[in-house]
Amino acid sequence: MHRPNLNDLPPNERTLLASLIQQYTTPDIIDMHWNAVLSGVHNDPAGFLSFHRNYIGGLEAFLLEQGYPQLVPLPAWNPAEPIPEEFNIPNTGPERLRNLNPNVSFSPKFDQENLINYATVEELGEALMIRHNLVHARIGGVMNNLRRVPVAPIFWVFHSFIDDIWWDWQRVTVVVPSVIGLSLADATSMLGNFGFRTMMTANLYTSPWIQIKHQKPAPLTLSPRGTIVELYY
Ligand SMILES: [Cu+2]
């Protein structure tokens with residue numbers, strides 16, 4: 001799934017979306033995010049990604065219910081681009097956004113072709129969290145207040161952007177098949193078919209018929225295609 005770019009929407013659609021997000025963001029919804037913060041979601045890279053995906057999912061369900069299927073999936077705001085004026089909310093008072101052009105690029109590290117460099121969802125989540133924190137800090141105002149941050153419509157579309165990167169990563173990630181009990185020759189060929197490379201523990205007497213006893217990453221875990229699977233016998 002690829003989400004549309006917020007800045008490609010016509011201004012009237014952006015105005016509509018920002019106002020629907022504000023309707024959705026009741027005190028209960030704001031507390032849901034804060035409770036997640038208190039339970040440690042923002043220190044757990046995998047939880048960070050999955051919590052925010054579900055949280056955005058709630059907004060998307062609301063948009064569908066209200067009769068706006070054209071706004072689902074939720075558009076994504078790329079923080080390398082300025083925050084559009086329609087999303088300058090709140091723009092008065094102590095919570096106002098301080099900086100509409102945080103100018104934080106997620107490229108090239110998080111471009112589709114480089115996502116293969118993140119071996120696990122934890123590695124990806126960790127790297128995304130660090131970059132993401134910078135965006136919150138640079139915008140300032142309520143974007144820098146975890147207790148209240150969902151009141152800023154830009155928060156939602158920014159997390160939509162982060163979520164898209166995770167989707168991309170998931171697409172290059174597959175289940176590592178189990179090759180335990182297979183011969184080295186069969187194991188190598190099976191892993192190759194799934195897009196993995198293999199590395200055998202060095203041994204002069206290794207024969208292609210030797211039986212695999214152990215593999216790393218472990219069978220049935222998720223790994224990006226191209227990962228080296230170490231085989232032991
Ligand atoms: Cu955030």
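Computed from a predicted model, the values in this text were never measured in an experiment.

How each quantity is defined
Residues numbered from 1 in each chain as written. Predicted model: local features only at pLDDT ≥ 70, side-chain atom pairs only at ≥ 80, totals over all residues. Heavy atoms only, no water. Donors = N, O, S within 2.8 Å, 3.2 Å for Na, K, Ca; no water. Helix = DSSP H or I, 4+ residues; strand = E, 2+ residues; numbered from the N terminus. Buried < 20%, exposed > 50% of the residue type's maximum accessible area, 1.4 Å probe, protein only. Phe/Tyr/Trp six-rings, centres within 6.5 Å; stacked < 30°, edge-to-face > 60°. Lys NZ or Arg CZ within 6 Å of the ring centre and 35° of its normal. Domains from an automatic or database assignment. Contact = heavy atoms within 4.5 Å. Buried area = accessible area lost by both parts, 1.4 Å probe. Salt bridge = Lys/Arg side-chain N within 4 Å of Asp/Glu carboxyl O. Polar contact = N/O pair within 3.5 Å; in protein donor to acceptor, adjacent residues only side chain to side chain. Nonpolar A, V, L, I, M, F, W, Y, C, P; charged D, E, K, R; others polar.

> With reference to specific residues and values, describe the coordination of the copper ion.
Coordination of the copper ion by the protein is provided by His132 (NE2), His136 (NE2) and His159 (NE2), with metal-donor distances spanning 1.9 to 2.1 Å. Each donor residue of the copper ion belongs to the same chain, with the gaps between them written as H-x3-H-x22-H. With His132 and His136 both in helix α4 (residues 121-139) and 4 residues apart, the pair spans about one turn of that helix. The buried category is assigned to His132, whose relative accessible area is 3%. Judged by relative accessible area, His136 falls into the buried class, the value being 8%.

> Which residues make up the packing of aromatic side chains, and what are the values?
Scanning the entire structure with this criterion turns up 11 aromatic pairs. Note on Phe106 and Phe161: the rings are 5.3 Å apart at their centroids and 80° apart in plane angle, and the pair reads as edge-to-face. Here the residue Phe106 occupies a position in the loop between α3 (45-65) and α4, and Phe161 occupies one in helix α5 (residues 153-171), the gap between them amounting to 55 residues. Geometrically, the ring pair formed by Phe155 and Trp156 is edge-to-face, given 5.5 Å between the ring centres and 90° between the ring planes. Judged on exposure class, the residue Phe155 and its partner Trp156 are both buried. One aromatic cluster in this structure is built from Tyr24, Phe51, Tyr55, Phe62, Phe155 and Trp156. It is Arg53 that lies over the ring of Trp167; its NZ or CZ is 3.7 Å from the centre.

> Residues and numbers for the domain arrangement of the protein chain, please.
Note on interface size: it is often stated as the accessible area lost on association of the parts. Assigned domains within the protein chain: domain 1 (6-171) and domain 2 (174-232). Each of domain 1 and domain 2 has a C-alpha centre, and these two points are 39 Å apart. Each side of the interface is counted separately: domain 1 has 5 residues, and domain 2 has 4 residues. When domain 1 packs against domain 2, the two sides together hide about 350 Å² of surface, and 55% of this comes from carbon and sulfur. Summed over the shared surface of domain 1 and domain 2, the result is 0 salt bridges. Counting every contact that joins domain 1 to domain 2 gives 1 residue pair in polar contact (both at pLDDT 80 or more). Its residues placed into classes, the side of domain 1 that touches domain 2 shows 4 nonpolar, no polar and 1 charged.

> Give a detailed account of the pattern of salt bridges, specifying residues and quantitative values.
The tally for this structure, following the rule as stated, stands at 8 salt bridges. As a salt-bridge pair, Arg148 and Glu95 come within 2.7 Å of each other at their nearest N and O atoms. Placement of the pair is Arg148 in the loop between α4 and α5 and Glu95 in the loop between α3 and α4, with a sequence separation of 53 residues. Residue Glu95 is classed as partly exposed on the basis of its relative accessible area, which comes to 22%. The network of salt bridges with shared partners includes Arg3, Arg53, Glu60, Asp163 and Asp164.

> Before we move on, can you summarise the environment of Glu60 with the specific residues and values?
When you line up the elements, Glu60 lands in helix α3. Looking at Glu60, the relative accessible area reads 13%, which means it is buried. For the pair Glu60 and Leu124, spaced 64 residues apart in the sequence, the C-alpha separation amounts to 24 Å. With sequence-adjacent residues up to four places away left out, Glu60 is seen in contact with Arg3, Val72, Pro73 and Leu74.

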